[in-house]
Amino acid sequence: MSLVENIIRADVRALSAYHVPDAKGFLKLDAMENPYTLTPALQQALAKRLSETALNRYPVPNYLAMKEALKTNFGVPDGYDLVLGNGSDELIAMISIACAKPGAKVLAPMPGFVMYAMSAQFAGMEFVGVPLNADFTLDKAAMLAAIAEHRPEITYLAYPNNPTGTLFNAADMEEIISAVGDSGVVIVDEAYQPFAQTSFMSRLPEFSNLVVMRTVSKLGLAGIRLGYMSASAALLQEFDKVRPPYNVNVLTEAAILCLLEHADVFEQQAAQLRSQRSQLSSQLASLSGVEVFPSAANFLLIRVSNPKKSETYGNEVFTKLLEQKILVKNVGKMHALLQNCLRITVSTPEENAQFLHAFKLALD
Ligand SMILES: *Cc1c(COP(=O)(O)O)cnc(C)c1O
């Protein structure tokens, strides 16, 4: 046996690394990034703030100032604290580590965010995926049956869901949270909250097993890597024990404190993207052979079909977009329900027009 075989878990060796395609020279519409960069005035303010930051010191581990700023800006209920992560990806990993008792299970609707299943596997937990309905709404009966059968320690509900954009029915979610009860936590992942304008954050006091998770990534700050979650003090206290002590760095802290003083800029961008979403959605829906699914996020999931083409027509369209230097996400292979589906990030009016032009050419 080789060194690698001797020491690395078989299931890790069998994985392929999370593939991020090189997007140099492409119109990048695959990762739900906000297309707007900082204004010159904001760049100046941020440069000053960052230059004044003491890089020789560790972060102050309680992150009090940053937590206060996040709580006031993002509607965290009075008396509720936060745990911070290096992106919400790290929060997902922390929750998995904290809950990974022998035999513990993680449950989520499918298709869903890939990190839920990945982090379950990394922590040695079984992942149970429950298919959505064909229109990507929650199959409540199947969810309740799976919860009764598996009694999962962790249940994820992305609100709205990625890669489908669906905003699940809130009453169905309440029933699921109640059905899980004291046997598990339900993580409502609100990564796309700025585009959905609805939230479970204010409802934390109603459910002792509810965790609301957010990130600043999709709001326009994917590069600074900051996620936060709120829940009862009893739960947060335990999750915080597995957090690496200095997981959020001082530059991220300085940047968010500076930028939250200009939160209105990001809210305006989100409003523009919401209006672009409805415009792009109706433009796409008017094309023959294109089905657009309702989205409450900053992306659109579409299905392409053409009776004269192959059963994997989606791949052809994806390749023809690539040839025109346009990168979207080909999700057709992710799940049986996603056959011939593409996921497209909503961008500026100019970039959306460029996409639409290329897409029409790609369809024939
Ligand atoms: C993008 C995304 C995240 C990850 O956000 P980061 O804070 O950038 O790690 C989490 N959940 C869902 C559903 C996402 O789509």
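Residues numbered from 1 in each chain as written. Predicted model: local features only at pLDDT ≥ 70, side-chain atom pairs only at ≥ 80, totals over all residues. Heavy atoms only, no water.

## What to know about the UniProt feature "domain: Aminotransferase class I/classII large" (unreviewed entry) in the protein
So the rule is basically this: UniProt positions are given in the numbering used here, feature names are shortened, and annotations may be inferred rather than shown by experiment. For helices the rule is a DSSP run of H or I covering at least 4 residues; for strands it is a run of E covering at least 2, with both sets numbered from the N terminus onward.
If you check UniProt for "domain: Aminotransferase class I/classII large" (unreviewed entry), the listed places come out as residues 26–358 in our numbering. Annotation note: span residues 26–358, helix share 41%, strand share 17%, distance between end C-alpha atoms 12 Å.

## So, the nonpolar core
As a reminder of what qualifies: Side-chain atoms within 4.5 Å are what join buried Ala, Val, Leu, Ile, Met, Phe, Trp, Tyr and Cys residues into a set we call a nonpolar core. Only protein chains enter the accessibility calculation, which uses a 1.4 Å probe; a residue whose area is less than 20% of its type maximum is buried, one above 50% is exposed, and one in between is partly exposed. Annotation comment: domain bounds sourced from an automatic or database domain assignment. Whether two residues are in contact is decided by their heavy atoms: any pair within 4.5 Å suffices.
Leu 70 and Ile 256 are the most contacted members of the largest nonpolar core, which has 53 residues in total. Residues lining this core come from more than one domain, with at least three contributed by each of domain 1 (3–39 + 264–363) and domain 2 (56–262). Each residue touching Ile 256, except ones within four places of it in the same chain, is listed here: Met 66, Leu 70, Val 216, Leu 221, Ile 224 and Leu 226. Ranked by size, the runner-up nonpolar core spans 35 residues in total, among them Ala 23, Leu 29, Ala 270 and Val 328.

## Comments concerning the sheet that holds strand β3 (residues 105–110)
Heads up, the condition is: Pairing between strands is defined by DSSP: at least two bridges between the two strands are required. Helix axes use the C-alpha atoms of the stretch in contact, all axes being lines fitted to C-alpha atoms, and the angles between their N-to-C directions lie in the range 0 to 180 degrees.
The strand order across the open sheet built from seven strands is β2-β8-β7-β6-β5-β3-β4, with neighbouring strands paired in mixed fashion. With partners counted over all chains shown, the strands left at the sheet margins are β2 (83–85) and β4 (126–131), one partner each. Put simply, the sheet's adjacent strands are angled 25° from each other on average, direction ignored. Here β3 pairs with strand β5 (residues 154–158) via two bridges, running parallel. Within the sheet, the bridge partner assigned to Leu 107 lies in β5 and is Thr 155. Helix α7 (residues 140–150) contacts β3, β4 and β5 of the sheet and is inclined by roughly 170° relative to β3.

## Quick look at the site of the ligand
Definition in use: Nearness of a residue to a molecule or strand requires only that one of the residue's heavy atoms be within 4 Å of it. Think of a polar contact as two N or O atoms within 3.5 Å of one another; within protein, one of them needs to be a possible hydrogen donor and the other a possible acceptor, and neighboring residues in sequence only count if both atoms come from side chains. Note on areas: these come from Shrake-Rupley sampling with a 1.4 Å probe, and a residue is covered only by the protein chains present in the view. Under the grouping applied here, Gly and all other residues not named as nonpolar or charged are polar, the nonpolar ones being Ala, Val, Leu, Ile, Met, Phe, Trp, Tyr, Cys and Pro and the charged ones Asp, Glu, Lys and Arg.
Near the ligand lie 13 residues; those nearest to it are Asp 189, Tyr 192, Thr 215, Ser 217 and Lys 218. Within the side chain of Asp 189, a nitrogen or oxygen atom sits 2.6 Å from a nitrogen atom of the ligand. With respect to the ligand, the side chain of Arg 225 contributes an N or O atom lying 2.8 Å from an oxygen atom. Considering the ligand on its own, with 390 Å² of exposed area, one finds that the protein chains cover 93% of that surface. Of all the secondary-structure elements, those providing two or more residues to the shell around the ligand are α5 (88–99) and α10 (217–221). Of the residues contributing to the shell around the ligand, the split by class is four nonpolar, five polar and four charged.

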